[in-house]
Amino acid sequence: AEDIRDRLAEVDFNSDRPFESGGIPVISDGKKGYIDTSDNHVAIFGSSGFKKSLTVYMPLICILAKAGENFFITDPKGELYERTANYLKSLGYIIRVLNLRDHNGECYNPFHYPAKLYAEGKTDKTVFHRHAGLHDRKTDASAHASVRR
């Protein structure tokens with residue numbers, strides 16, 4: 001029987017050297033770990049208080065950062081941000097915060113550009129056609145309808 005560690009990459013968490021690639025932590029004693037660097041999709045489920053942030057997400061963030069990976073984190077409570085932002089900044093990461101609860105930090109308004117076109121009387125233009133260069137008939141019609149309303 002194959003040992004699961006044979007299919008995983010071994011990493012030394014105490015080393016200052018960058019990791020060759022990032023991945024989900026599978027086995028760890030806190031000093032040495034084994035990560036799955038394959039391109040698999042992973043879902044982590046657990047009830048509140050099950051220590052998902054501490055045992056999976058925070059180690060994953062640190063692993064990805066040590067490997068120089070780009071990543072996007074959803075963090076509704078801001079817990080991961082509070083615990084990892086300084087570390088990520090020390091590695092040169094640029095952190096953007098989209099806070100939908102109290103509107104502090106970055107913002108994103110998907111209707112800004114359509115509203116601008118509407119205010120300028122350019123209801124025949126679409127977000128996708130003018131702004132991103134990506135369009136098809138269905139998307140153009142949908143975006144046009146959104147601008148006209």
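This one's a predicted model, so the numbers in the text were calculated from it and none came from an experiment.

## A closer look at the overall build of the protein
Point 1. Scanning the protein from N- to C-terminus turns up 5 helices and 3 strands.
Point 2. Put simply, the protein runs from its N terminus to its C terminus through helices and strands in the order β-β-β-α-α-α-α-α.
Point 3. Within the span of the protein, comprising 149 residues, buried residues form 23% of the whole.
Point 4. Here the analysis covers contacts within the protein between residues at least 6 apart in sequence; of these, 36% occur between residues at least 24 apart.
Point 5. As displayed, the protein offers around 11600 Å² of accessible surface, 51% of which is attributable to carbon and sulfur atoms.

## Describing the sheet that holds strand S2 (residues 24–28)
Point 1. Judged by pairing direction, the sheet is antiparallel, and its 3 strands sit side by side in the order S1-S3-S2 without closing on themselves. One side of each edge strand has no neighbouring strand; the edge strands of this open sheet are strand S1 (9–12) and S2. Going from strand to strand, the sheet's axes swing by 40 degrees on average, the running direction of each strand aside.
Point 2. Relative to strand S3 (residues 32–36), S2 runs antiparallel, the two being bridged by 4 bridges. If you follow Pro-25 over to S3, its bridge partner there is Ile-35.

## Things to note about helix H1 (residues 52–66)
Point 1. An ideal rise of 1.5 Å per residue puts 21 Å on 15 residues; H1 measures up with 20 Å between its terminal C-alpha atoms.
Point 2. Regarding H1, the residues found buried are Lys-52, Ser-53, Val-56, Met-58, Leu-60, Ile-61, Ile-63, Leu-64, Ala-65 and Lys-66.
Point 3. Contact partners of the buried residues in H1: S1, S2, S3 and helix H2 (79–90).
Point 4. Downstream of H1 by a residue or two, Gly-68 has a phi angle that is positive, lying close to 75 degrees.

## Digging into unusual backbone geometry
Point 1. A positive phi angle, near 70 degrees, is found at Lys-51, a position not held by glycine.
Point 2. Here Lys-51 shows up in the loop between S3 and H1.

## A look at the packing of aromatic side chains
The geometry of two aromatic rings is summed up by the distance between their centres and the angle between their planes.
Point 1. Under the definition given, this model contains 2 aromatic pairs.
Point 2. Where Phe-13 meets Phe-19, the ring centres are 6.3 Å apart and the plane angle is 65 degrees; that geometry is what we call edge-to-face.
Point 3. Accessibility expressed as a relative area gives 25% for Phe-13, which makes it partly exposed.

## Re the side chain of Thr-84
Point 1. Structurally, the position occupied by Thr-84 is in helix H2.
Point 2. Judged by its relative accessible area of 4%, Thr-84 is buried.

## What about a nonpolar patch on the surface?
Point 1. There is a patch of nonpolar side chains on the surface, built from Ile-4, Val-26 and Ile-27 and spanning about 210 Å² of accessible area.
Point 2. Residue placement: Val-26 occurs in strand S2.

## Quick notes on the confidence of the model for the protein
Point 1. With 79% of its residues at a pLDDT of 70 or more, the protein shows a mean pLDDT of 79.
Point 2. Across the protein, the element-wise mean pLDDT spans from 43 in helix H5 (residues 137–148) up to 94 in H2.
Point 3. pLDDT under 50 marks residues 127–149. Its contacts with residues more than four places away, or in other chains, come to 29 contacts.

Rules behind the numbers
- Every chain is numbered independently, its residues counted from 1 as its sequence is written.
- Selection of residues for local features in this predicted model requires a pLDDT of at least 70, selection of side-chain atom pairs for listing and counting requires 80 or more, and totals for whole chains, interfaces and linings are taken over all residues.
- Think of the side-chain values as coming from all heavy atoms in the structure, minus any hydrogens and water.
- Counting from the N terminus, the helices are DSSP H or I runs at least four residues long and the strands are E runs at least two residues long.
- Exposure is judged per residue with a 1.4 Å probe applied to protein chains only, and the accessible area is read against the type maximum: over 50% gives exposed, under 20% gives buried, and values in between give partly exposed.
- Throughout, a contact is declared for two residues whenever any of their heavy atoms are within 4.5 Å.
- In short, Shrake-Rupley with a 1.4 Å probe defines the accessible areas, and a residue's cover is counted only from the protein chains shown.
- Two strands qualify as a pair provided that DSSP identifies no fewer than 2 bridges between them.
- Axes here refer to lines fitted to C-alpha atoms; in helices the fit is confined to the stretch in contact. Angles between the N-to-C directions go from 0 to 180 degrees.
- To estimate the expected span of a helix, count its residues, drop one, and scale the result by 1.5 Å.
- Pairs were defined over the aromatic rings of Phe, Tyr and Trp, the Trp ring being its six-membered one, requiring ring centres within 6.5 Å. Orientation was assigned from the angle between planes: stacked under 30 degrees, edge-to-face over 60, tilted for the rest.
- Note on patches: the residues involved have over 30% relative accessible area and no salt bridge, like charges join within 9 Å, and the nonpolar side chains Val, Leu, Ile, Met, Phe, Trp and Tyr join within 5 Å.
- Salt bridge criterion: a side-chain nitrogen from Lys or Arg within 4 Å of a carboxyl oxygen from Asp or Glu.
- As a per-residue quantity, pLDDT reports the predictor's confidence and falls between 0 and 100.

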